[in-house]
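Here's the letter readout for the chains.
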Amino acid sequence: MTLLLDDRSVSSVLDPASLVEAIDQAIRADAEAPADVPGRLNLSGGGRFFRIMPAVVPRSGVMGLKAFFGGNGVGVRYLIMIASVETGEVLAMMDACHLTAARTAATSVVAARALGVKATRLGVLGSGLEAETHLRTFAAVGEIDEVKVFSPNPVSRERLAGRLREELGLPVVPAATTAEACADVDHVITATNTGYGGPIACESDWLRPGLHISAIGSTHRDLRELDTAVFRRAGTLVFDADPEQVADESGDIREFVGEGGSLSTVLGLGDLLQGKVALPEAPRGDLTIFKSVGTALQDMVAAELAYRRAIEAGLGTTLDNLAAPKGRR
């Protein structure tokens, strides 16, 4: 039996706190029961992109993939398929739009904890789904005293600030400029979409010493968020994927390396959580940065959690014998 889940069903069962703990535990456990996560496949043509992210996660008992595709003018679509490692049965297929944003936010929380970040004042650049899931997730797991939201679209930032202020009971205020959103905060979350070849969203001069940055929007060669001076100030720079992959896929890191920046001191989030590396005792810069491009391990863990929760809640549509074994047809 295969469960089909739409985005509304997935979002209704993925509560932030549970997802944070699931991803944290999965990354830590990967040292003892490693997932098989090969390099993802990036294709393009006709002005469109197509990314495939496969993984086998023995600890969760699932294997599967996420397909992430689209382009300018047609939007972006996300689809996840998970199957049982034990039986090969296709367990679920689901719209992974909300799931992707939610697991990205949960991983940002995991990284902030690993870095010892105790931020209570947040500045958020962006007003879309990724910005919203980050705010909801950080609010769900920690104390937040103040949030400032900037988007170049005044209507969008006002709408997001108003909705979250009412729903979360937090002082969420719209900021008129990026610099204003970054002023007097402990943690800046960059969840932007400036468009392919678009402008840089955040400049180093706006960031005070000691600040933490969760940077999640530059996941394509032509997408930028942070100027390279920001990365030169990093005392601790953490990636959630292999540095070569991040340098190939993120416009921010490609530009940093292209200007002579070194990734030799980058820490892997998995290595940090598993105790294989330690935080520097005397950082050479005044910022901590978590740079995320996402991983298939994060996707599979979130999808398996959504699948279990949906079964318990009686959600979704079921199909019999989808992809039945060849010899049993």
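Check the entry above for the structure.
Residues numbered from 1 in each chain as written. Predicted model: local features only at pLDDT ≥ 70, side-chain atom pairs only at ≥ 80, totals over all residues. Heavy atoms only, no water.

**Examining the environment of Gly116**
Then comes step 1: Here Gly116 lies in the loop between α3 (97–114) and β7 (121–125).
Then comes step 2: Placed 29 residues apart in sequence, Gly116 and Thr87 show a C-alpha to C-alpha distance of 41 Å. (Helix = DSSP H or I, 4+ residues; strand = E, 2+ residues; numbered from the N terminus.)

**Overview of α3**
Then comes step 1: A rise of 1.5 Å per residue sets the reference length of α3, with its 18 residues, at 26 Å; its end C-alpha atoms lie 26 Å apart and thus fit the reference within 8%.
Then comes step 2: In the stretch just after α3, Gly116 is the one whose phi turns positive, near 75°. (Expected span 1.5 Å × (residues − 1).)

**Brief notes about the pattern of salt bridges**
Then comes step 1: This structure, assessed with the given rule, holds 17 salt bridges.
Then comes step 2: A salt bridge links Arg163 to Glu132; the shortest N-O distance between them is 2.5 Å. Residue Arg163 is found in helix α5 (residues 154–168), and its partner Glu132 is found in helix α4 (residues 129–141); the two are separated by 31 residues along the sequence.
Then comes step 3: Assessed through its relative accessible area of 14%, Glu132 is described here as buried. (Salt bridge = Lys/Arg side-chain N within 4 Å of Asp/Glu carboxyl O. Buried < 20%, exposed > 50% of the residue type's maximum accessible area, 1.4 Å probe, protein only.)

**Overview of the sheet that holds strand β8 (residues 146–150)**
Then comes step 1: Judged by pairing direction, the sheet is parallel, and its eight strands sit side by side in the order β9-β8-β7-β10-β11-β14-β12-β13 without closing on themselves. The outermost strands of the open sheet, each flanked by one partner alone, are β9 (172–174) and β13 (267–268).
Then comes step 2: Bridge count for β8 against β9 is three bridges, and the pairing is parallel. Its bridge partner lying in β9, Val147 is registered against Val172.
Then comes step 3: Contacts from α4 reach β7, β8, β10 (187–190) and β11 (212–215), with the element oriented near 165° to β7.
Then comes step 4: Against the sheet, α5 contacts β8 and β9, and its axis sits at roughly 170° relative to β9. (Pairing = 2+ DSSP bridges. Contact = heavy atoms within 4.5 Å. Axes fitted to C-alpha atoms, helices over the stretch in contact; angles between N-to-C directions.)

Purely spatial values, then, with no claim about function.
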